[in-house]
Amino acid sequence: IQFVGGWDGDEKIELQRLVAKMRENAPLKDKRYMLQAVSRYGRMLYYASSELRSDKTVVLAAVSTFGTALKFAHPRLRADKEVVLAAVRQDGMAIEFSSDELKADPLVISECNWERIKSVLQYADESAKDDYDHVMNVIKNDGRELQYVSKRLQKNQEVV
């Protein structure tokens, strides 16, 4: 099953049952059931109907438990600051799936969960890669981010 990879034990069995149920009824349209599923396993947003992928309550529940479920949300919600903040706070990699505008937002960048993120600047907007304050905030947490900084800032001795 596509999403079961890192799960084990009873949790894997429960997840497999959920996936099987989802496949029988996919895309699932029952909001109450879907809320229950994504609240526990955010990646289940994948099986939601397009209507539920556009529902802010459902998407918030999903990204709060699995930030990168943002990729399954309607584009309107990928541009919603509240939804994106919930996603990046859970998993900083979710910034990849946010709107271009929010990829450049200082608050969104600063709120990324550093424990789970591979790179903030890799997916950030070009203007964020060239903003001294944002770049300094990012590289103080992880110097490897220097590779994604703008050419102009890479020449700045204070940054390097």
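Right, let's walk through the structure included here. (Residues numbered from 1 in each chain as written. Predicted model: local features only at pLDDT ≥ 70, side-chain atom pairs only at ≥ 80, totals over all residues. Heavy atoms only, no water.)

Of the regular secondary structure elements, the chain holds eleven helices and zero strands. Counted from the first residue to the last, the chain has its helices and strands arranged as α-α-α-α-α-α-α-α-α-α-α. The buried share of the chain, reckoned over its 160 residues, is 48%. Sequence separation of at least 24 residues holds for 37% of the intrachain contacts in the chain that already meet a minimum separation of 6. Summed over its atoms, the accessible surface of the chain is roughly 8,600 Å², and 45% of this surface lies on carbon and sulfur atoms. (Helix = DSSP H or I, 4+ residues; strand = E, 2+ residues; numbered from the N terminus. Buried < 20%, exposed > 50% of the residue type's maximum accessible area, 1.4 Å probe, protein only. Contact = heavy atoms within 4.5 Å. Areas by Shrake-Rupley, 256 points an atom, 1.4 Å probe, with all protein chains shown as cover.)

Most of helix α6 (residues 81-90) is tucked away, with seven of its ten residues classed as buried. Of the residues making up α6, those classed as buried are V83, V84, L85, A86, A87, V88 and Q90. Close packing links the buried residues of α6 with α4 (56-65), α5 (75-78), α7 (100-103) and α8 (106-110). Capping the start of α6, D80 holds a side-chain oxygen 3.0 Å from the backbone nitrogen of E82, two or three residues further along. (Polar contact = N/O pair within 3.5 Å; in protein donor to acceptor, adjacent residues only side chain to side chain.)

Generally speaking, nonpolar side chains in soluble globular proteins are found buried as a group. Within the largest apolar cluster, 47 residues are counted, with the highest numbers of intra-cluster contacts made by M34, V38, M44, L45, V63 and L70. Contributing elements (two or more residues each) for this core: α2 (31-40), α4, α6, α8 and α10 (132-141). Not counting chain neighbours up to four residues away, the residues in contact with V38 comprise M44, L45, V58, A61, A62 and T65. (Core = buried A, V, L, I, M, F, W, Y, C linked by side-chain atoms within 4.5 Å.)

Our focus in this paragraph is the pattern of salt bridges. Evaluated as defined, the whole model comprises eight salt bridges. Between E111 and R89 there is a salt bridge whose closest N-O contact spans 2.9 Å. With E111 in the loop between α8 and α9 (126-129) and R89 in helix α6, the pair connects residues that are 22 residues apart, well separated along the chain. Here R152 ties to D130 by a salt bridge, and the two come within 3.0 Å at their closest N and O atoms. With R152 in helix α11 (residues 151-154) and D130 in the loop between α9 and α10, this pair connects stretches of sequence that are 22 residues apart. (Salt bridge = Lys/Arg side-chain N within 4 Å of Asp/Glu carboxyl O.)

With respect to the helices and strands, D80 occurs in the loop between α5 and α6. With residues near it in sequence (within four places) discarded, D80 still touches K56 and L102.

Attention shifts here to the environment of V159. Considering the arrangement of structural elements, one finds V159 in the segment after α11. Separated by 23 residues in the primary sequence, V159 and M136 have C-alpha atoms spaced 6.6 Å apart. Excluding its chain neighbours within four sequence positions, the residues that come into contact with V159 are Y132, V135, M136, I139, L146 and L153.

Tallied over the full model, the rule gives two aromatic pairs. Seen from their ring centres, Y46 and F72 are 5.3 Å apart, and the 70° between their planes marks the pair as edge-to-face. Of this pair, Y46 sits in the loop between α2 and α3 (50-53) while F72 is found in the loop between α4 and α5, placing the two residues 26 residues apart along the sequence. Taken together, the ring pairs in this structure connect Y46, Y47 and F72 into an aromatic cluster. (Phe/Tyr/Trp six-rings, centres within 6.5 Å; stacked < 30°, edge-to-face > 60°.)

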